[in-house]
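Single-letter residue listing:
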Amino acid sequence: MITKATIKDISLIQDLAEKSWRSHYPGIISHEQIDFMLDLMYSEEEITSQFNNPNYHYYLLGDAENFYGIMGFENHYEQKTTKLHRIYITEDGKGKGLGKEAIQFLKNQILEVGDQRIILAVNKQNPSYHFYLSQGFKVYEEGVFDIGNGFVMDDYLMEWNA
């Protein structure tokens, strides 16, 4: 089940992101970097500014009883391109097909708004890289990005073309 999130869901988005990050990223990035990035990317101010962008959309991922994850993307990020900024699923939501359902939903959504490409960045050590490959994404570039506070993101930049 994919449900459009609203500004009233900010605390739920923050909670789902934190649960997902704290179970998934240890061993990939340091606990200090996890704390820094959660504060940076999931502050109420940051999420509110995203909701105020008409091209930015948040969706909650779950089933009839619970939400287990979030997806955030921005249509028209570049010409004919949507950027998948985030898709996170909590440990208890894994194995339910939510990631595949969300990616298929996104592929359909971009076509409805006239975009033809999805881009994303994934940490080179993140096993989710293999999930994206299985969904038809390909690496088009690699990059190391300074995000402040002495931390970097060492990522594959991936794309899917309609």
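Refer to the structure above for everything that follows.
Cut-offs applied
Residues numbered from 1 in each chain as written. Predicted model: local features only at pLDDT ≥ 70, side-chain atom pairs only at ≥ 80, totals over all residues. Heavy atoms only, no water. Helix = DSSP H or I, 4+ residues; strand = E, 2+ residues; numbered from the N terminus. Rg over C-alpha atoms; globule rule 2.2 N^0.38 Å. Buried < 20%, exposed > 50% of the residue type's maximum accessible area, 1.4 Å probe, protein only. Contact = heavy atoms within 4.5 Å. Areas by Shrake-Rupley, 256 points an atom, 1.4 Å probe, with all protein chains shown as cover. Phe/Tyr/Trp six-rings, centres within 6.5 Å; stacked < 30°, edge-to-face > 60°. Lys NZ or Arg CZ within 6 Å of the ring centre and 35° of its normal. Salt bridge = Lys/Arg side-chain N within 4 Å of Asp/Glu carboxyl O. Pairing = 2+ DSSP bridges. Axes fitted to C-alpha atoms, helices over the stretch in contact; angles between N-to-C directions. Polar contact = N/O pair within 3.5 Å; in protein donor to acceptor, adjacent residues only side chain to side chain. Arc of directions from axis to C-beta.

1. Section: the overall build of the chain
Okay, step 1: Along the backbone of the chain there are five helices and seven strands.
Okay, step 2: Each helix and strand of the chain, placed in order from N terminus to C terminus, yields the pattern β-α-α-α-β-β-β-α-β-α-β-β.
Okay, step 3: Against the 2.2 N^0.38 benchmark of 15 Å for 162 residues, the chain shows a C-alpha radius of gyration of 15 Å, consistent with a compact globule.
Okay, step 4: The proportion of buried residues among the 162 residues of the chain is 48%.
Okay, step 5: Long-range contacts, defined here as pairs at least 24 residues apart, represent 58% of the contacts in the chain between residues at least 6 apart.
Okay, step 6: Taken as a whole, the chain presents about 8400 Å² of accessible surface, with 48% of it coming from carbon and sulfur.

2. Here's the deal with the packing of aromatic side chains
Okay, step 1: Tallied over the entire structure, the rule returns 12 aromatic pairs.
Okay, step 2: In this structure, lysine 124 packs its charged tip against the face of tyrosine 156, placed 5.9 Å from the ring centre.

3. A few points about the pattern of salt bridges
Okay, step 1: Applying the stated criterion across every chain yields a total of eight salt bridges.
Okay, step 2: Residues lysine 19 and aspartate 15 are paired through a salt bridge, measuring 3.3 Å at the closest nitrogen-oxygen approach. Of this pair, lysine 19 and aspartate 15 are both found in helix α1 (residues 10-24), four residues apart, which corresponds to roughly one turn of the helix.
Okay, step 3: The class of aspartate 15 is partly exposed, set by a relative accessible area of 34%.
Okay, step 4: Between glutamate 78 and arginine 117 there is a salt bridge; the shortest N-O distance is 3.2 Å. A residue pair is termed long-range when its members are at least 10 positions apart, and glutamate 78 in strand β3 (residues 67-78) and arginine 117 in strand β5 (residues 117-123) qualify at 39 residues.
Okay, step 5: Glutamate 78 gets classed as partly exposed once you look at its relative accessible area, which sits at 37%.
Okay, step 6: Using a relative accessible area of 17% as the deciding quantity, one classes arginine 117 as buried.
Okay, step 7: Here the residues in one salt-bridge network are Glu18, Arg22 and Asp35, joined through shared partners.

4. Looking at the sheet that holds strand β1 (residues 2-4)
Okay, step 1: As summarised here, the arrangement of the seven strands in space is β1-β2-β3-β4-β5-β7-β6, forming an open sheet in which the pairing is mixed. Each having just a single partner strand, β1 and β6 (138-148) make up the two edges of the open sheet. The average angle at which neighbouring strand axes cross in this sheet is 30°, direction not considered.
Okay, step 2: In this sheet, strand β4 (residues 81-89) lies alongside β3 in antiparallel orientation, the contact comprising seven bridges. Bridge pairing in β4 links methionine 71 to isoleucine 87.

5. With respect to the side chain of threonine 90
Okay, step 1: Along the chain, the position of threonine 90 falls in the loop between β4 and α4 (98-112).
Okay, step 2: Within the structure, threonine 90 has its side chain in polar contact with the side chain of aspartate 92 (distance 2.6 Å).

6. Some thoughts on the environment of isoleucine 87
Okay, step 1: Inspection of the secondary structure puts isoleucine 87 in strand β4.
Okay, step 2: Note on isoleucine 87: relative accessible area 13%, which makes it buried.

7. Structural notes on helix α3 (residues 44-51)
Okay, step 1: Looking at α3, one finds that the buried residues are Ile47, Gln50 and Phe51. Take α3 and look down its axis: the buried residues cluster within an arc of 100°, on one side only.
Okay, step 2: Packed against the buried residues of α3 are α1, α2 (31-41), β2 (56-62) and β4.

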